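# Survey of secondary and tertiary structure
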Amino acid sequence: MALVEVDGDKPPRLVAQALHSQISMHQAYGGVVPELASRDHVRRVLPLTREVLSQAGLALHDVDLVAYTQGPGLAGALLVGAGVAVSLAAALDVPALPVHHLEGHLLSPFLSADPPEFPFVALLVSGGHTQLMRVDDVGSYEILGETIDDAAGEAFDKSAKLLGLPYPGGPHLARMAEFGNPEAYALPRPLLHSGKPDFSFAGLKTAVLTQVKKIGDSPCDQTKADLAASTQAAIVEVLVKKSLLALKETKLKRLVVAGGVGANAKLREQLNAACAKRGVRVHYPELSLCTDNGAMIAMAAALRVQRGMANPRQDGGFEVRPRWDLSAA
Ligand code: ATP
Ligand code: FE
C-alpha cells in the first residue's frame, strides 16, 4: 500500500508506504496457499490504508485516484484488492485505475533517487516471470525473449527447496552460496548458446535434484553451500549473457533490472561488471522494492496519469486478469 504524489511533470514522489508480508504465513506450507492469501488480503487492506494515510498526515478525501493491481496473479487476492479499490474510488467519487503487476515491477526503479531514462532494455526476473523487453516509454513494451518453462525466481526457489531451505528459497540460497564454490558442480545452462534472448530453467532443478540424491541424506554444510553457489552461478550466467545479447540486438546502452531476483547480489555484481565494460548504465530498484510492494503499483499509475494514459472505467465495474500479457497492457 502506498501514496504517491503527482505534481505536473515533476517526477512523482513517494509520500508513504506500508507492506504486510505473507511469507511467514505461507512458510509452514512451503509455498503460497491461495485461499489463505486472499483471506489475509481482506484482513490487511483497510489497516494498511489507514497506516499510509496516517504516515502522510492525510485523510481519505485527499486521495484523487485509486490504483490497484488488475493482474496477473492469484484471482482471489486480485479480487480483494480490486473490489476494495473500486469501492473506495466510488465512495470518494474519484477514478479507479487498474495496473499491470509486471508494469509495476518494471517501473519500480523510478522510485529510486536516480531514475532511468527511456528507452531501455528491461530484464524482468521475478517469481513467475523471466523476460527481456525493449521499453520505449510507459506502455510501450516489446518482448524480446522470455522463459519457455520455469522463471529464474522459480529456479532459485525449487533448488533451494531441494537443499532443505525455507520458502521462498531465493534469498536463503543466495546467503548459503556466499560460503560455497560456484565451480564445484557443473550444472546446465540451457539455451545459453541459442543466439536468442530466451531462457529455460526447468532442467536446472532436475540437475540439482540429481546432485542432491547423489549427496545423500546428511550432506555437510560445505557440500550444500557448494551446490547453492553452483546453482546461483548457473542462473546468473544465463541472465547476464542474455541481457548482453538483448542490449547488443537493440543497440541500447541502458539496462533496467526488476523483480525479486533483481535483489540478488551476485547478479548485480556480474551485470555491473559486464555492463561497465560495454558503457551500459544499469538501474535497479531499491533492494526493498525488488519484491512485491504497493509503491511500484502507485508509481506505475502516477507515470500513466502524467502521460494522459489513465483511462479508468466509467461504469463502476471491474474485472481481474489472472493471466495478462504485459505487451497488451
Ligand atoms: P511475479 O511478479 O512474476 O508474479 P512474484 O510476485 O512472486 O512473481 P517477486 O515478488 O517479484 O515475484 O519476487 C519473488 C522471487 O524473487 C522469489 O522467487 C524469490 O526467491 C526471489 N528472490 C528474492 N530475493 C532474492 C535473492 N536475493 N536472490 C535470488 N532470488 C531472490
Ligand atoms: Fe511480483
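Cut-offs applied
Residues numbered from 1 in each chain as written. Chains lettered and ligands numbered in written order. Predicted model: local features only at pLDDT ≥ 70, side-chain atom pairs only at ≥ 80, totals over all residues. Core = buried A, V, L, I, M, F, W, Y, C linked by C-beta atoms within 7 Å. Buried ≥ 20, exposed ≤ 12 C-beta atoms within 10 Å, placed from the backbone. Helix = DSSP H or I, 4+ residues; strand = E, 2+ residues; numbered from the N terminus. Contact = placed C-beta atoms within 7 Å. UniProt positions renumbered as here; feature names shortened; annotations may be inferred. Pairing = 2+ DSSP bridges. Expected span 1.5 Å × (residues − 1). Arc of directions from axis to C-beta. Axes fitted to C-alpha atoms, helices over the stretch in contact; angles between N-to-C directions. Parallel < 35°, antiparallel > 145°, perpendicular 65-115°, else oblique. Near = placed C-beta within 6 Å. Nonpolar A, V, L, I, M, F, W, Y, C, P; charged D, E, K, R; others polar.

If you look at the biggest cluster of nonpolar residues, it comprises 88 residues, and the most contacted ones within it are Ala-67, Ala-122, Ala-152, Leu-173, Ala-298, Met-299 and Ala-301. Element by element, the count of residues in this core is highest for helix α8 (residues 221-250), at twelve residues. If we ignore the near neighbours within four places in the chain, the residues touching Ala-301 are Leu-65, Ala-67, Leu-97, Val-99 and Ala-310.

Using the residue numbers shown here, the UniProt feature "binding site: Fe cation" (unreviewed entry) corresponds to His-101, His-105 and Asp-292. The greatest C-alpha distance among the residues just named is 8.7 Å, despite their covering 192 residues of sequence, which places them together in space. With 24 C-beta atoms packed within 10 Å, His-101 lands in the buried category. The residues touching His-101, leaving out its near neighbours within four places in the chain, are Thr-69, Gly-71, Pro-72 and Gly-73. Mapping His-105 onto the fold places it in helix α4 (residues 101-107). By C-beta crowding, His-105 is classed as buried, having 30 other C-beta atoms within 10 Å. In this view, His-105 contacts Leu-124, Ser-126, Ala-258, Gly-259 and Met-296; residues no more than four positions away in its chain are not counted.

Of the strand pairs in this sheet, strand β6 (residues 130-137) and strand β7 (residues 140-146) are connected by six bridges, and their pairing is antiparallel. Looking at the pairing, Leu-132 lines up with Gly-145 of β7. Connecting β6 to the antiparallel partner β7 that follows it, the hairpin turn spans two residues, and Gly-139 within it adopts a positive phi of roughly 85°.

On to helix α10 (residues 294-306). With 13 residues, α10 extends 19 Å from end C-alpha to end C-alpha; this agrees with the ideal 18 Å at 1.5 Å per step. Most of α10 is tucked away: eleven of the 13 residues are buried. Within α10 the residues assigned to the buried category are Gly-294, Ala-295, Met-296, Ile-297, Ala-298, Met-299, Ala-300, Ala-301, Ala-302, Leu-303 and Arg-304. After α10 finishes, the residue Gly-308 shows a positive phi value of roughly 65°.

Those residues of helix α6 (residues 169-177) that sit buried are Gly-169, Gly-170, Leu-173, Ala-174, Met-176 and Ala-177. Here the buried residues of α6 occupy an arc of 165° about the axis, which is enough to place them on one side. Structurally, α6 contributes buried residues whose contacts are with α5 (152-162), α8 and α9 (265-277).

Turning our attention to unusual backbone geometry. In this chain, Phe-118 is followed by Pro-119 through a cis amide linkage whose omega measures -5°. Mapped onto the elements, Pro-119 comes out in the loop between α4 and β5 (120-125). Cis rather than trans, the peptide bond between Tyr-167 and Pro-168 has omega equal to -15°. Phi at Lys-251 takes a positive value of approximately 60°, unusual for a residue other than glycine. Considering the arrangement of structural elements, one finds Lys-251 in the loop between α8 and β8 (254-258). In this structure Lys-251 comes out as exposed when scored by C-beta crowding, with 7 C-beta atoms within 10 Å.

Backbone hydrogen bonds hold the strands of a sheet together, and the pairing may be parallel or antiparallel. Spatial strand order, β7-β6-β5-β8-β9: five strands in an open sheet with mixed pairing. With partners counted over all chains shown, the strands left at the sheet margins are β7 and β9 (281-283), one partner each. Across the sheet, the mean angle separating the axes of adjacent strands is 25° when strand polarity is ignored.

For the rest of this paragraph, the subject is the packing of α5 against α8. One way to put it is that α5 packs onto α8 with a least axis distance of 10 Å and a crossing angle of 175°. By the angle between their axes, α5 is roughly antiparallel relative to α8. In this structure, α5 contributes Ala-152, Ala-155, Phe-156 and Ser-159 to the contact, and α8 contributes Thr-231, Ile-235 and Leu-239.

Attention shifts here to the site of ligand 1. The environment of ligand 1 is made up of 22 residues, and the closest members are Gly-127, Gly-128, Gly-153, Gly-170 and Gly-260. Looking at the shell around ligand 1, the elements that each hand over two or more residues are α4, α5 and α6. Looking at the shell around ligand 1 element by element, the count peaks at four residues for α6. Each residue belonging to the shell around ligand 1 can be placed in one class, and the counts come to six nonpolar, 14 polar and two charged.

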